[in-house]
Amino acid sequence: MKFLRRFFIRLSNFSTGRRADQRLQEEMAEHLALQTEENLRAGMSPSEARRQAALKLGAAQAIREHHNAEQSLPLAENLLLDIRYAFRRLHRSPGFSLIAIATIALGVGATTAIYSIIDATLLHPLPYPNPSELVRLEANLTGVGAHDIGLSIPELRDLQNSGVFQYVSLSFYGTNNLTGSTQPASISSKSVSPSYFAALGVDAQLGRTWDPHDATPGFLPDVVISDGLWKREFGADPHILGKSLRLDNDVYHVMGVMPASFRDQGQTSDERSTDLWAAAGFYGDPAPPPMRATRFPFETIARLQPGLSPEAAQGRLDALIAQLKKQYPADYPTQGGWTIHLTPLAETLVGKVRQSLILLFGAVGLVLLISCVNVANLLLARASARGREMAVRQALGAARMRLIRQLLTESLLLFVLGGITGFAVLFCARKFLLQFVPESLPRLNDISISWGVLAFAVVVSVAAGTIFGLAPAWLTSRLNLNATLRQEGRGSNGSQRRSRLRHALVIGELALSLVLMIAAGLLLRSFWDLFKVQLGFNPTRVVAIETSLPNPNDPKTDIYHTATQEAVLLREVLRRSRTIPGVEETAVSDRAAIPLGHSQNDRRAVPLFREGQEAQSNQPPLIDTSIVSPEYFHLLGMTLMRGRPFVDQDVEDTPLVAVINQAAARVYWPGKDGKGEDPVGKRVLLLGRLGRANPDWTTIVGVIGDARTESLADAGVPQIYLDIYQRPAKFLAFYVRGQVDPAAISAQVRTQIQSVDAELPVFRKETLDDVLSSSLSVRRFSMEMVALFAATALLLAALGIYGTISFLVNEQSREIAIRLALGAQRRAILKMVLRQGLTLAAAGAGVGLVGALIVSHLMAGLLYGVSPYDLFTFSGVTAVLTAVAIAASYAPALRAMRLDPIATLHAE
Amino acid sequence: MKEKPDVLQGTLALMVLKTLDVLGPQHGYGIARRIEQISGDILALNQGTLYPLLLKLEHEGSIVSQWGASENNRRARFYRITVTGRKQLQTETRDWNQTAAIIARFFEVKAEDLP
């Protein structure tokens, strides 16, 4: 306590110090005067009186200084002085200060921008309490390579009773038709276990969510809606609770409204903006009876018991599974290899973009490093100009530590000012910059410039300022007093160490920018290759418009229950759409068949049993299915390789038919010798669709050419296409090809659809070209950003080498002048300077190439179609760097060549 | 010449407080004179060191100061002891007496007195 009080006294003295000192001085003067008077009265001579008085008072100056040192904070006082001096210095050379501050602002601003993205996505991916307890469960059949097969109700109960989890919750994302308001709307909805919100740890802002232990069969009659839906569709009605709404013709009641800040978890932005949650027990009507083998392909999330690590939980889970396998050997055949894998939920959400973001952060870190190096270089250049100042200060008794402290204060001030500038620019431009972030990035809406981000910017600037200010300060303060002072105004030629460091810095800068440029070059080539890839289908002039049919819980109320019922609607809508002016072709498919456009949620993998190849009990491979109308292949320009496409004669009553792609033919009918056998005419059984187990054999009638409809990067994903007139689908996409106005077509198609059924929502219109380009968005974003950073790095490196060579020319101007005076050829001088630039460039490129090899090896996963050691990119980029280095040294070299020897030597 | 004893740490403050307590408000020179008179020539005091001490005591709230006129009508800063100062003086006086008593007892003890 006493220490603290003393500190506060000192602190207050620090602010009032000047006054206290003044008072001391006055009081002592007063004392002196009184004593002198008294001495005079005692009969001393005036001079003796003063002398005696002063003797008696003691060393006034020393007492004052001692008092100041003891009662104040000399460190802070010095710091204040240093800062004031640093400000004055910055003010005196505005050009230098501006360049340095702008460079740092660029580096810190860019780094902070990327950090703000990482902060929102990687560091805080889950906006729920205790996010580390949340895990995602994935059941796999490792024996047959089937992933994420889902859980059955008995398995779910086993997990709930295992004691490993607080809650285990199934969820199934989809869309529902909300009817009753002005325009039928399709809303994102999730069917979840009643424990879903309890597992996430979030409660409603209005009303409540379900009781986590509620396990009624079928759907519960109450739903929870999002704040957005509440405001959009219900005008934020405060009496919403208990009101009814119609979903796919079923009536539900609103039980709760989630807070505005709540975002659902999920891998797509659609899923994260879910508007409505319905609870289901997932057994009883309409779900099939709870059998151990009837698995739902649902997402399973769970909250671990507090304090249980994911690893420990996995261990207990493995034990449970081993026991279940022993207990139910018929349901879990050994060759299936049933396992349940547990992953922290946060990891599953950012998995895909993680690599891209880390790459970006690395790239921007390099830019920051280069800008710091550049500023350090500028500081060093100034150091030689300040050699005299430092020598004089030292000669006057300044300690070296004191000098370093002063120099460090100056560089820290520069960096902090730069950091603040960068942050301010970022803060003002955040809205503008966010436009460039691809929408597919998870938690895009949560990217913000928060206090944490500000703290990051400040820490980065201070750390950079300390690290990159220390070396110049060290070298500047280290000098030979005699030599420097004797050299008078000639600058310090003897600063060998300093120029070595400058060269090292420039080489480092060049190397770093080479690394960045090679990374950018490789990404650019990958992007270009993907862009130019043979799609296997033709997206031009095709617009896809989605609608969805109601899917009521009671099949008896479903007017589109059978394929024949649905066919009437589909054929009529297609016929009417063809009458829209400009439309040449139309087709319809389920949502999973939209090329590249559909999200992960729509992918439907079903077990594929091949006739004669597998017994029923074996675990079959899974294959992606698409349900399409006969016109689909022609409209998308996909070529038939063998057999026939669907025809109008394939209807519900005729034998089921399917078309597969070449990849499926290659993988599943490889033939005995591996040359491939003709799959046409083979029969398969497709099982496992929820509630629609179909025991009928499906005959393969045709093979279609591979198309990159699943992923641009993957040429051959096995696909099986089914006929929409044989297998009804609820989530539909209508396609039109032709000279249509993309802005108007949506309304035109809506009119046609709703003239057939006014209850159907029509939503999400997109041209396939847009779909294509947005499927590249994350790649494009990281490519563009890295390219931008690389360009910045190159510019900074060019500035660095220009500065260094200019400085060298200045330093050597005497030598050059003497050479010229002695008759050296001007061309030789030019060559001499250029050679210095080239040496630096060569060293930089050498170091950089090694670094680039390491980096490109690490980023191999982000590349497509180009080797990480692509010779063309490596050599091209090196050539560009060398050319820029030569160009940047050319100006100072010309100046050296045109030096006037007489003027130079006179000036010295 | 014989070395004069230095002012013992902390005792100067005690002297100042006692002086102000006995004599009432005083200016710095007056306090210095008083200390000199009482201690005679025995104590070697750089009178200048008095002033930082006065500042410190004022900061601690033991004394307060205000401008006034000295005997020969010069403007001078007068110091006055506060309630806090009086309390401090009491405690320190007691402490000092205790210490002095203990030390005195040690000096009185002779070898034959010890059991």
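Coordinates for the structure precede this section.
Numbers given to residues run from 1 along each chain, matching the order in which its sequence is written. To read the labels, note that chains go from A and ligands from 1, taken in the order they are written. For this predicted model, a pLDDT threshold of at least 70 governs which residues receive local features, and a threshold of 80 or more governs which side-chain atom pairs are given and counted, while totals over whole chains, interfaces and linings are taken from all residues. Water and hydrogen atoms play no part in the side-chain values, which are based on all heavy atoms of the structure.

Caption draft 1: View of the interface of chain A and chain B. Residues are treated as being in contact if the distance between any of their heavy atoms lies within 4.5 Å. Residue-level contacts link 23 residues of chain A with 24 residues of chain B. Note on terms: buried area is the combined drop in 1.4 Å-probe accessible area of two parts once they are placed together, counting the loss on both. In terms of surface lost to chain B, no three residues of chain A exceed Arg23, Glu27 and His31 of chain A, which account for 27% of the buried area on that side. Here, a salt bridge means any Lys or Arg side-chain nitrogen found within 4 Å of an Asp or Glu carboxyl oxygen. Here chain A and chain B share three salt bridges between them. Between Glu38 of chain A and Arg33 of chain B there is a salt bridge whose closest N-O contact spans 2.2 Å. Definition of a polar contact: a pair of N or O atoms within 3.5 Å, with one able to donate and the other able to accept a hydrogen when the atoms are protein atoms, and with sequence-neighbouring residues admitted only if both atoms are side-chain atoms. Joining chain A to chain B, the criterion identifies eight residue pairs in polar contact (both at pLDDT 80 or more). Within the residue set of the side of chain A that touches chain B, elements represented by two or more residues are α1 (2-41), α2 (46-57) and α3 (60-71) of chain A. Class assignment of the residues belonging to the side of chain A that touches chain B gives a composition of nine nonpolar, seven polar and seven charged. Secondary structure elements follow DSSP: runs of H or I of four or more residues count as helices, runs of E of two or more count as strands, with numbering from the N terminus. Ten residue types, Ala, Val, Leu, Ile, Met, Phe, Trp, Tyr, Cys and Pro, are classed as nonpolar, four, Asp, Glu, Lys and Arg, as charged, and the remainder, Gly among them, as polar.

Caption draft 2: Spatial organisation of a nonpolar patch on the surface. All names here are of chain A. Exposure above 30% relative accessible area and no salt bridge define the residues that can form patches, which grow by joining like charges within 9 Å and nonpolar side chains of Val, Leu, Ile, Met, Phe, Trp and Tyr within 5 Å. For every accessible area listed, the method is Shrake-Rupley and the probe measures 1.4 Å; residues are considered covered only by the protein chains on display. Among the surface-exposed residues, Val416, Ile420, Val458 and Val462 lie close enough to one another that they form a single nonpolar patch of about 290 Å² accessible area. Within the residue set of the nonpolar patch, elements represented by two or more residues are α13 (400-428) and α15 (451-477). With respect to the helices and strands, the residue Val416 is situated in helix α13.

Caption draft 3: Quick look at empty space enclosed by the protein. All names here are of chain A. Computed over the protein atoms alone on a 1 Å grid, cavities are sets of points where a 1.4 Å probe fits but cannot get out and pockets are open sets with protein on both sides within 12 Å along at least five of seven lines; a residue lines them when it has an atom within 4 Å of a point. Grid points are joined across faces, edges and corners, and a volume is the space filled by probe spheres set on the points. Here the structure, examined in full by the defined rule, presents six cavities of 30 Å³ or more. Of the volumes computed, that of the largest cavity is approximately 110 Å³. Within the residue set of the lining of the largest cavity, elements represented by two or more residues are α11 (345-385), α13 and α15. Looking at side-chain class alone, the lining of the largest cavity contains five nonpolar, three polar and three charged residues.

Caption draft 4: Region of the structure containing the nonpolar core. Side-chain atoms within 4.5 Å are what join buried Ala, Val, Leu, Ile, Met, Phe, Trp, Tyr and Cys residues into a set we call a nonpolar core. Partly exposed residues are those whose accessible area sits between 20% and 50% of the maximum for their type, while under 20% is buried and over 50% is exposed, using a 1.4 Å probe and protein chains only. Counting 104 residues, the largest nonpolar core has Tyr632, Phe633, Met638, Tyr721, Tyr735 and Phe789 of chain A as the members making the most contacts within it. Sequence-distant contacts of Met638 of chain A, that is, excluding residues within four places in its chain, are made with Gly536, Phe537, Tyr632, Phe633, Ile704, Ala707 and Tyr721 of chain A.

Caption draft 5: Broad picture of helix α6 (residues 153-160) of chain A. Here α6 of chain A has its buried residues at Ile153, Pro154, Glu155, Leu156 and Leu159 of chain A. Where α6 of chain A is buried, its residues touch β1 (134-141), β2 (151-152), β3 (165-179), β10 (295-296), α10 (310-327) and β12 (338-344) of chain A.

Caption draft 6: Region of the structure containing the pattern of salt bridges. Residues and elements named next belong to chain A. Per the counting criterion, the structure on display carries 30 salt bridges over all chains. Across the pair Glu133 and Arg303 runs a salt bridge whose closest N-O atoms are separated by 3.0 Å. Of this pair, Glu133 sits in the loop between α5 (94-123) and β1 while Arg303 sits in strand β11 (residues 299-304), and the two are 170 residues apart along the sequence. Looking at Glu133, the relative accessible area reads 13%, which means it is buried. Arg819 is the salt-bridge partner of Glu815, the closest N and O atoms lying 3.1 Å from each other.

Caption draft 7: Fine view of the pairing of strand β21 (residues 719-723) of chain A. Residues and elements named next belong to chain A. Across the five residues of β21, five count as buried, placing the element largely inside the fold. Along β21, one buried face is formed by Gln719, Tyr721 and Asp723 and the opposite face, lined by Ile720 and Leu722, is buried too. Sheet topology places strand β16 (residues 622-628) next to β21; five bridges connect them, and they run parallel. Opposite Ser626, over in β21, you have Tyr721 as the bridge partner. Strands qualify as paired when DSSP identifies two bridges or more between them.

Caption draft 8: Examining the pairing of strand β19 (residues 683-686) of chain A more closely. All names here are of chain A. Where strand β15 (residues 605-610) meets β19, three bridges bridge the pair, whose relative direction is antiparallel. Pairing of Arg610 across the sheet is with Val684, part of β19. Bridging between β19 and strand β20 (residues 698-704) involves two bridges; their strand directions are antiparallel. Paired with Val684 across the strands is Thr698, a residue of β20.

Caption draft 9: Structural context of the sheet that holds strand β2 (residues 63-69) of chain B. All names here are of chain B. The three strands lie next to each other as β1-β3-β2, forming an open sheet whose pairing is antiparallel. Strands with a single pairing partner mark the edges of an open sheet, and in this sheet they are β1 (26-27) and β2. Here seven bridges tie β2 to strand β3 (residues 75-81), and the two strands are oriented antiparallel to one another. Each residue of the ladder has a partner; that of Ala69, found in β3, is Arg75. Note on geometry: axes are C-alpha line fits, over the in-contact stretch for helices, and angles between N-to-C directions span 0 to 180 degrees. On the sheet, helix α1 (residues 11-23) packs against β1, β2 and β3 and is oriented at approximately 95° with respect to β3.

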